[in-house]
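Residues per chain are reported as follows:
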Amino acid sequence: MKQPDFSKEYIQKSTDILDYAINNLGAYKGWQAFDPGAGHSIDERYAALPVITKKEIRENFPQGFVPAEKDVEKGIENGDINFVKTSGSSDAFRVTNIWNQHWWDASEVASWQLNSHAARLATGSHPEAILVNARNVGIISDEVDLPFEKRRLGRFLYLNEKTDPNAWTPQLMNRMIEELGIFKPDLLEANPSFLAKLCRYIAENKKRVFQPGLIVFTYEFPSRLHFKQVGKVFKSPAISSYGSTETGYVLMQCEAGKLHQNTKSCRLDFQPLKKEHGGPYTGRMLVTTFDNPWYYMLRFDVGDFARLDEKQTCACGRHDGYIISEVEGRWTNVTLDTAGHMVTLNQLDRAVSNLKDIDEYRLEQPAEGVYRLFLVSRRKDKDKLLKEAEDKLREIYGKQAKTEIIFEAQLAPEDSGKYALAKTLFPMKSIEEYLAKATKTL
Ligand SMILES: [Zn+2]
């Protein structure tokens, strides 16, 4: 593969932050033993080091990640930082992080430059509507519908206050449509599953809706189904933004469709999978954050896989940092084919979302070689659809796959507030079994 382009400044930042962390911070001092040192390239040095997972965050939080001269209690008192808990999904434990709003905003602003629509529309004072699970962002009110003013905050409007979109009534969805027309957001940021649900309602009832300048999908893996359903209603460009509480904004989809690394805000390291599991172009992403004086996050395992663009070029002309063809989905959404090879959520999605006229799906793998696909569809010829779905599953998982197709009226999000499109119901082996090279451990 062609190596990505990295600026001198990027290499310098990568070097400075590593040198500082391993010499000064408790969470990283043990890394000194693995560091091959200054005689090696910065990429070689990073590649030789362990990774940080939620486990290490819990064990070293907060002081192991904060410079000694920074007083965490004072920082909270002064409003410079606060502690946030990430919404733990069923797969992983919850973790507390240091939240630095100033740094977060800078990371977001930098990411906007990676898409020409965002760069034009996002001024920092632009009106932005947000359609996400209230469990993740905004104010929860499952019992009572909140009035418009109660869901406004600065330049933001939270369109949804519910934790389960299946509780949306037609009145509530009509309200969302009306409010988009009143608020006229430049940007609409959404959980793709939530916006897709609203769009199915709009399409079915032939409603008209205000067209924002740009739709940004975040929080969840955007399925091709989501893009399709949203594209039927909105002519606005829809793109994917990728990041996490720990790492800020990591990747942004450009107007030409590929994802670019937010090199101003973070360093990205890439651990390829073994060939039989999708490597060398598909691999795990590790993120090192830049310029956050309160919280040093190095080689954090974001839990997602990505597929690198083989030529590391994009029609948009941007060439700084990694160019990613597609995000492949989370480790927790991986399933295994009948030969035991990894199937990423994106691979599954590419096949299943091709089924004609389905609204939603979820794939569960209860045991090796066994696959249960839940489908929501308004098709009348369910027998035919069932046969098509079984064929699809065998295409992906192998001829010996034992399949079951279950039709549902609707699917619900996980306890985390997000939809899981795929998962195994048994514990997976360690991710190390799938990576091309072993990761160092302390
Ligand atoms: Zn591009």
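So, here is what we can say about the structure in this document. (Residues numbered from 1 in each chain as written. Predicted model: local features only at pLDDT ≥ 70, side-chain atom pairs only at ≥ 80, totals over all residues. Heavy atoms only, no water.)

Angles at a metal have ideal values that depend on geometry: 109.5 degrees with four tetrahedral donors, 90 or 180 degrees with six octahedral donors. Looking at the zinc ion, the protein donor atoms are Cys254 (SG), His260 (NE2), Cys314 (SG) and Cys316 (SG), and they sit 2.1 to 2.3 Å from it. Its four donor atoms give the zinc ion angles of 101 to 116 degrees at the centre, a pattern that matches the tetrahedral case. Read in sequence order, the donor residues for the zinc ion give the motif C-x5-H-x53-C-x1-C. Taking the relative accessible area as the measure of exposure, cysteine 314 reaches 12% and is therefore buried. (Donors = N, O, S within 2.8 Å, 3.2 Å for Na, K, Ca; no water. Tetrahedral: all angles 85-135°; square planar, octahedral: opposite > 155°, others 65-115°. Buried < 20%, exposed > 50% of the residue type's maximum accessible area, 1.4 Å probe, protein only.)

Counting 40 residues, the largest nonpolar core has Tyr28, Leu251 and Leu298 as the members making the most contacts within it. Contributing elements (two or more residues each) for this core: helix H1 (8-24), helix H2 (42-47), strand E9 (248-253), strand E11 (266-272), strand E12 (282-289), strand E13 (300-308) and strand E14 (323-330). Excluding residues that lie within four positions of it along the chain, leucine 298 makes contacts with Ile17, Leu18, Ala21, Tyr28, Trp31, Tyr46, Ile52, Val287 and Thr288. Counting residues in hydrophobic clusters, the runner-up holds 29 residues, among them Leu131, Phe217, Phe234 and Val376. (Core = buried A, V, L, I, M, F, W, Y, C linked by side-chain atoms within 4.5 Å. Helix = DSSP H or I, 4+ residues; strand = E, 2+ residues; numbered from the N terminus. Contact = heavy atoms within 4.5 Å.)

To continue, consider the packing of aromatic side chains. Under the criterion given, the structure shown has 18 aromatic pairs. On the basis of an interplanar angle of 80 degrees and a centroid distance of 6.4 Å, the ring pair of phenylalanine 194 and tyrosine 419 is categorised as edge-to-face. Taken together, the residues phenylalanine 194 in helix H8 (residues 192-204) and tyrosine 419 in the loop between strand E19 (402-407) and strand E20 (422-424) connect sequence positions 225 residues apart. For phenylalanine 194, a relative accessible area of 0% translates into the label buried. The lysine or arginine in question, lysine 70, covers the ring of tryptophan 294, its NZ or CZ lying 4.8 Å from the ring centre. Taking the ring centre of phenylalanine 407 as reference, the NZ or CZ of lysine 382 above it sits at 5.6 Å. (Phe/Tyr/Trp six-rings, centres within 6.5 Å; stacked < 30°, edge-to-face > 60°. Lys NZ or Arg CZ within 6 Å of the ring centre and 35° of its normal.)

Further remarks concern the sheet that holds strand E17 (residues 358-367). Through backbone hydrogen bonds, the strands of a sheet pair up, either in parallel or in antiparallel fashion. Taken in spatial order, the four strands line up as E19-E18-E17-E20 in an open sheet, and their pairing is mixed. Only two strands of the sheet have a single neighbouring strand rather than two, namely E19 and E20. Each adjacent strand pair in this sheet contributes to an overall mean axis angle of 15 degrees, direction not counted. Pairing geometry for strand E18 (residues 370-377) and E19, over six bridges, is parallel. By the bridge assignment, leucine 373 is partnered in E19 with isoleucine 405. Packing of helix H10 (residues 345-352) onto the sheet brings it into contact with E17, E18 and E20, and relative to E17 it is tilted by some 130 degrees. Strands E17, E18 and E19 of the sheet are contacted by helix H11 (residues 382-397), whose axis makes an angle of about 140 degrees with E19. (Pairing = 2+ DSSP bridges. Axes fitted to C-alpha atoms, helices over the stretch in contact; angles between N-to-C directions.)

We now examine helix H7 (residues 170-183). Between its first and last C-alpha atoms H7 spans 20 Å; for 14 residues at 1.5 Å apiece the expected length is 20 Å, and the two agree. Those residues of H7 not exposed but buried are Leu172, Met173, Arg175, Met176, Ile177, Glu179, Leu180 and Phe183. Buried residues belonging to H7 abut strand E3 (128-131), strand E4 (152-153), strand E5 (156-158), strand E6 (187-190) and H8. Once H7 ends, the next one or two residues include lysine 184, with phi positive near 45 degrees. (Expected span 1.5 Å × (residues − 1).)

Our focus in this paragraph is empty space enclosed by the protein. Counted according to the given criterion, the structure contains three cavities of 30 Å³ or more. Quantified by volume, the largest cavity comes out at close to 150 Å³. As for the largest cavity, its lining consists of 17 residues, of which Ser193, His226, Glu360, Tyr419 and Leu421 are closest to the centre. Here the residues of the lining of the largest cavity are counted per class, giving nine nonpolar, three polar and five charged. Reported here for the second largest cavity is a volume of approximately 70 Å³. Considering the residues around the second largest cavity, the lining is formed by Glu108, Ser111, Trp112, Glu128, Leu187, Glu189, Val216, Ser241, Tyr249 and Met252. Among the secondary structure elements, those contributing two or more residues to the lining of the second largest cavity are helix H5 (101-112), E6 and E9. (1 Å grid on protein atoms, 1.4 Å probe; cavity = no way out; pocket = protein on both sides within 12 Å on 5 of 7 lines; lining within 4 Å. Points joined across faces, edges and corners; volume = space filled by probe spheres on them. Nonpolar A, V, L, I, M, F, W, Y, C, P; charged D, E, K, R; others polar.)

So, about the layout of surface pockets. Taken as a whole, the second largest pocket encloses approximately 610 Å³ of empty space. Ala47, Phe270, Gln271, Pro272 and Lys437 are the residues nearest the centre of the second largest pocket, which is lined by 23 residues in total. Breaking the lining of the second largest pocket down by element, the ones donating at least two residues are H2 and E11. Top contributing element to the lining of the second largest pocket by residue count: E11, with six residues. Residue composition of the lining of the second largest pocket, grouped by class: 13 nonpolar, three polar and seven charged.

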